[in-house]
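Overview (structure and organization)
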Amino acid sequence: MNQSMPIEPVRKPTPMLSQTTTSDAKNYDEDLKMIQDKQKEFDGILKTLVTRMETLGATVTSLDSTVVQLNNKIDQQQQYLEQMIDGRIHAFEQNIEMLQDELNNWMNLFKKTIDDELKKFDVDVTKVQEELLKQINKIEQPMTPSPELLSQIDQWEKDTIEKIHKTTEKIRHQLTELLNRDRNQLINQFEMLTKEITTLKEEDDFAEDDIERLRKTINQIQLSLEQLHLPEKGKFIIVENNEINWDHLISVEEKQKLLPLYSMDINANARWIPNGHTIAGGNGTGNAINQLGRPSGLCIDHDQSVYVADFDNHRIVKWKKGATKGEVVAGGNAEGFRTDQLYSPTDLIIDDERDSIIICDYNNLRVIRWPRQNGKQGEVIISGIRCVGLTIDDNGSLYIADNKKHEVVRYRAGERSGTIVAGGNGCGNRLDQLQCPRWVFVDQDHSVYVSDNENHRIMKWIEGAKEGIIVAGGHGHGNSLTQLSHPCGIVVDQSGTVYVADSWNNRIMRWLKEATEGSVVIGGSGRGEQSNQLNQPTGLSFDRQGNLYVVDQCNHRVQKFAIDPSSCS
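All values reported here derive from a predicted model rather than from experimental measurement. (Residues numbered from 1 in each chain as written. Predicted model: local features only at pLDDT ≥ 70, side-chain atom pairs only at ≥ 80, totals over all residues. Heavy atoms only, no water.)

Description of the sheet that holds strand S12 (residues 407-411)
Judged by pairing direction, the sheet is antiparallel, and its four strands sit side by side in the order S10-S11-S12-S13 without closing on themselves. Only two strands of the sheet have a single partner each, and these edge strands are strand S10 (387-392) and strand S13 (419-423). Each neighbouring strand pair of the sheet contributes to a mean axis angle of 25 degrees, computed without reference to strand direction. (Pairing = 2+ DSSP bridges. Helix = DSSP H or I, 4+ residues; strand = E, 2+ residues; numbered from the N terminus. Axes fitted to C-alpha atoms, helices over the stretch in contact; angles between N-to-C directions.)

Laid out in structure tokens, this is it:
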């Protein structure tokens, strides 16, 4: 391929002079020259091809060498990778062995720990069993009721016997009066007859008709005298009421847990009898046991007994259902800061689990727990807080409205320092602020409702929220259905309906969930002391039947408004 092929020269044909002319000879030379030029051009191309073929051959030889080198490198890399993989596998196998050893050690330690815990558990169980056995042995003997309960039964027995004694004395008196009624009538008739006969004799004016009439009268008196001397049994009977169910005059019932107010399911169309009934106070302001002095908050017990924060009298008073006077159950020892005193209490709740009441001791800047059984003094559980209103959730956490710091603080059980759950950003009317919060309410989702007193609105703070939502009022101070004026007590039912004591408007309002205006359910007839009027209501509550209780502060009373059953059907 490297040698060019020999090319034979083009031979010129022997001219045949006899057959060609001069012109033909000239054309022949031109053609011959062109052929020779083409021959040279072809030779050049051929040389170029030969050169390229030589270059291509060199390239192929070089590629062959490169391929060999690459194959050698691949072999080397393959050997390196095989060695590295073998090393990694060996290291992994060693790690597996180490991990297996560690796992075995851990399993042994875990087994030992479990064995120790089981031994300890066996000891604890044995102790518990022994303690339970002691307790069971104790209760093999009949248990004796507490002196307090026995005292209540004894008092009921004494009161009942006294009532029966009074009733029998009344019946004896009635029987005596009935027995002497006819006697007295006869005496009167005889005196009148004697007087008439004496007059006729003196006047000597007897007529035949008079004599006959007087004779009939005398006969009638004699007949009545005979009737009068008949045995008493023939004239009277004693009617006994045998319908009395003596088995149900008094009974023992297991105490039920107080239902939280947020569990109330009140019909959205419910109405209440507009004329309230006074169940506490109502005898003017004063410190007598049948009076209250600017009461503030209240709560309702199982038996519809009402506990009232008697602000001006620095005491908590319990009014039993139907009572005409109260019983001091906390404070009542004049204003003061001792643990047996209160100083302007504003609100309270019943802690049923610990059989105590928890009180906002406003001017003592503290929250105090007071036992309900023989409570002579309280226990300070939170101090340094201007507490106006408080409530408790289903976890036992306390929520306190601090109207000095314009915030609501939550205290979990056992905590001395709380967590701000509403407000806490200074005094103001932004959605993240409060201005003198008063009452507070917590629903089943732990959302906090606050009566934002000086902003004339009710705010809802969802748990964890940085700002609140206006659920009632919020349109400035006023008395339209879209406004509130210094709201105080609040209750929220299951459906999210808000009931609020619209204090300075002297009314109780209902705001349905997401409503833009409320409706008046109690009051709204101007400030006054009539049974259908209020004078700056503050505290607010319901009983199990849906009856509404209102602290009518400036009338120094608590009013009960019965629910209208026909409105709930």
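Re the packing of aromatic side chains
Throughout the structure, instances matching the rule amount to four aromatic pairs. Between Trp272 and Tyr499, the aromatic rings sit 6.0 Å apart at their centres with planes inclined by 85 degrees, giving edge-to-face as the arrangement. One end of the pair, Trp272, is in the loop between helix H3 (208-228) and strand S1 (277-281); the other, Tyr499, is in strand S19 (residues 498-502), with 227 residues separating them in the sequence. There is no split in this pair, since Trp272 and Tyr499 are both buried. (Phe/Tyr/Trp six-rings, centres within 6.5 Å; stacked < 30°, edge-to-face > 60°. Buried < 20%, exposed > 50% of the residue type's maximum accessible area, 1.4 Å probe, protein only.)

Remarks on the environment of Pro487
Topologically, Pro487 is positioned in strand S18 (residues 487-492). As a C-alpha pair, Pro487 and Met509 span 22 residues in sequence and 9.9 Å in three-dimensional space. Beyond its immediate chain neighbours, meaning those up to four positions away, Pro487 contacts Arg438, Ser451, Asp452, Asn453, His456, Arg457, Ile458, Val500, Ala501 and Ser503. (Contact = heavy atoms within 4.5 Å.)

Digging into the environment of Gln435
Take Gln435: it is sitting in the loop between S13 and strand S14 (437-442). Sequence separation between Gln435 and Gly423 is twelve residues, and the spatial gap between their C-alpha atoms is 8.7 Å. The contacts of Gln435, once residues within four sequence positions are left out, are His406, Cys427, Gly428, Asp452, Asn453, Glu454 and Asn455.

Points about a negative patch on the surface
A contiguous patch of negative charge on the surface is contributed by Glu93, Glu97, Asp101 and Glu102. You can see Glu93 is positioned in helix H1 (residues 22-139). (Patch = residues over 30% accessible without salt bridge, like charges linked within 9 Å, V, L, I, M, F, W, Y side chains within 5 Å. Areas by Shrake-Rupley, 256 points an atom, 1.4 Å probe, with all protein chains shown as cover. Salt bridge = Lys/Arg side-chain N within 4 Å of Asp/Glu carboxyl O. Lys, Arg positive; Asp, Glu negative; His and termini not counted. Charge placed at Lys NZ, Arg CZ, Asp CG, Glu CD.)

A few points about the state of the cysteines
This model, assessed by the stated rule, comprises one disulfide. The disulfide bridge from Cys360 ends at Cys387, spanning 2.0 Å between sulfur atoms. With a gap of 27 residues between them, Cys360 in strand S7 (residues 356-361) and Cys387 in strand S10 connect regions that are remote in the sequence. A disulfide-free cysteine, Cys436 has its sulfur positioned 5.9 Å from the sulfur of Cys427, the nearest such atom. Using a relative accessible area of 22% as the deciding quantity, one classes Cys436 as partly exposed. (Disulfide = S-S within 2.5 Å.)

The values reported here are purely geometric and, on their own, carry no functional implication.
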